[in-house]
Amino acid sequence: MADATYTTVQGDTWDVIAHRLWKRETLMDRLIKANPDYGDVLVFGPDVVLSVPQITVPDITPDLPPWMAGEGA
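Residues numbered from 1 in each chain as written. Predicted model: local features only at pLDDT ≥ 70, side-chain atom pairs only at ≥ 80, totals over all residues. Heavy atoms only, no water.

> Mind showing me how you'd approach unusual backbone geometry here?
Excluding glycine, residues mostly carry a negative phi; peptide bonds, for their part, are mostly trans. In this model, lysine 23 sits at a positive phi of 65 degrees, which is unusual for a non-glycine residue. Considering the arrangement of structural elements, one finds lysine 23 in the loop between α1 (14-22) and α2 (28-34). One non-glycine residue, aspartate 47, lies in positive phi territory at about 65 degrees. As for its position among the elements, aspartate 47 is in the loop between α2 and β2 (49-52). (Helix = DSSP H or I, 4+ residues; strand = E, 2+ residues; numbered from the N terminus.)

> Help me understand the pattern of salt bridges in this model?
It is possible for side chains bearing opposite charge to pair when their charged atoms get close. One pass over the structure, following the stated rule, counts two salt bridges. Measuring nitrogen to oxygen at the nearest pair gives 4.0 Å for the salt bridge that ties lysine 33 to aspartate 29. Residue lysine 33 and its partner aspartate 29 are both found in helix α2; the two are separated by four residues, about one turn of the helix. (Salt bridge = Lys/Arg side-chain N within 4 Å of Asp/Glu carboxyl O.)

> Please clarify how α1 should be interpreted in this entry.
Residues spaced three or four apart along an α-helix point in a common direction, a consequence of the helix completing one turn every 3.6 residues. Among the residues of α1, those classed as buried are Trp14, Ile17, Ala18 and Trp22. The buried residues of α1 all sit within an arc of 100 degrees when viewed along its axis, so they share a single face. The first or second residue beyond α1 is lysine 23, which carries a positive phi of 65 degrees. (Buried < 20%, exposed > 50% of the residue type's maximum accessible area, 1.4 Å probe, protein only. Arc of directions from axis to C-beta.)

> What should I look at first to understand the nonpolar core in this one?
Within soluble globular proteins, side chains that are nonpolar generally end up buried alongside one another. Formed by Tyr6, Trp14, Ile17, Ala18, Trp22, Leu27, Leu31, Phe44, Val48, Leu50 and Val52, the largest nonpolar core amounts to 11 residues. Only α1 and β2 provide two or more residues apiece to this core. Ranked by residues supplied to this core, first place goes to α1 with four residues. Not counting the four nearest positions on each side in its chain, valine 48 is found in contact with Tyr6, Thr7, Thr8 and Tyr38. (Core = buried A, V, L, I, M, F, W, Y, C linked by side-chain atoms within 4.5 Å. Contact = heavy atoms within 4.5 Å.)

What follows is the structure, given as C-alpha cells:
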C-alpha cells in the first residue's frame, strides 16, 4: 500500500507535523526518514508535499502521580 501524503502550510516544522498526524512529536524522525530530500529543512513553506509512512502508534500510558491519576484524598 502506498504511503499517504501531507501538504505543508507556512510555518510547519517536523514536530508539529508529527503531532498533527500521530499526536506524538517524538515520531518526527519517521517523517524525516521518509522524506530525505527535506531533511535539512527546519521550517517549511506552504505546499510542500511530504510522504507520510504508515506506522502503528503504540499506546502509551503515562506514569502519573497519584494526585493526577485521581487517586488519594
